[in-house]
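Letter by letter, the chains look like this.
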Amino acid sequence: MPILVVNVDHVATLRQARRGHEPDPVTAAALCELAGAAGIIVHLREDRRHIQDRDLELLRRTVQTHLHLEMAATGEMQAIALKTDPYMVCLVPEKREELTTEGGLNCVGREKALAEYIAPFHQAGMLVSLFIDAEPRQIEAARAIGADYVEIHTGHYADAMDRDIRATEFGKILTGIDLAQKQDLQVNLGHGLNYVNVAPFARVPAIREYSIGHSIMSRAILVGLDRAVKDMVEILRGFAD
């Protein structure tokens, strides 16, 4: 059965709007786990716009499931990850002016450098994922780099306003999943998934994890975090039926 990994960045975004102490992403993570989340994911950005170093430290001590760390492939982040020792690191592209991650990491032509970059993580016993678009060249590069997982970027699918465009993007993702399996890569999906657009993936058995944050936190404002997480867990549980 695919599992739900909840991103709590948006809890920190709300806190940082006033530079205060609430809401607390660490508390939110605990509530997500109690509601059935099988993991917690945070993106420690270079500009620290939401998750802070202290949040990451506390989450490492308190998360009872698996802690996933999204990060740019920089020396600073490598040192933080090695010190924190999360269950998995996920390398993502990062631009200071973007509101959220806009696309997948470009791995093509960077295979040697990225392989050297992730080597210390594997030596420390961490799993490594690359957040990439569902493009054959990127998936093949991920395999050459030595990643354990790819997290396929679903943003283009989720943002498509036209049904035909959405179908095309969905097809690209399915092709990417199939190729990743043939490359012996585990597959996660993430970005823009919600309670409606996740449904078509029910018939795709190869997906290991769904990384979902914004839609869960949006629903939580209306129905509470416990209910919001449980609703998504029930949807994903139905995929195994």
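Residues numbered from 1 in each chain as written. Predicted model: local features only at pLDDT ≥ 70, side-chain atom pairs only at ≥ 80, totals over all residues. Heavy atoms only, no water.

A.B. asks: I'd like a description of unusual backbone geometry, backed by residues and values.
C.D. replies: Residues E22 and P23 are joined by a peptide bond in cis, for which omega reads -5°. Note that P23 resides in the loop between α1 (9-16) and α2 (25-34). A positive phi angle, close to 55°, is found at R19, a residue other than glycine. With respect to the element layout, R19 can be found in the loop between α1 and α2. Its relative accessible area of 65% is what places R19 among the exposed residues. Even without a glycine there, the phi angle at D85 is positive, about 60°. Within the fold, D85 resides in the loop between α4 (75-84) and β4 (88-91). (Helix = DSSP H or I, 4+ residues; strand = E, 2+ residues; numbered from the N terminus. Buried < 20%, exposed > 50% of the residue type's maximum accessible area, 1.4 Å probe, protein only.)

A.B. asks: Explain the pairing of strand β3 (residues 67-71) to me, and be specific about the residues and the numbers.
C.D. replies: Among the 5 residues of β3, 5 are classified as buried, and the element is accordingly described as predominantly covered. Residue alternation in β3 divides its side chains into two sets, L67, L69 and M71 and H68 and E70, and both sets are buried. Where strand β2 (residues 39-43) lies against β3, 4 bridges are found, and the strand directions are parallel. Across the sheet, the residue bridging to I41 is H68, located in β3. The parallel pair β2 and β3 is bridged by helix α3 (residues 53-62), and the resulting crossover is right-handed. Strand direction decides the pairing type here: β3 and β4, joined by 4 bridges, are parallel. Across the sheet, residue L69 finds its bridge partner in β4, namely V89. Following the backbone out of β3, through α4 and into the adjacent parallel β4, one traces a crossover that is right-handed. (Pairing = 2+ DSSP bridges. Right-handed = clockwise from strand over helix to strand, strands pointing away.)

So yeah, pure geometry; function would need other evidence.
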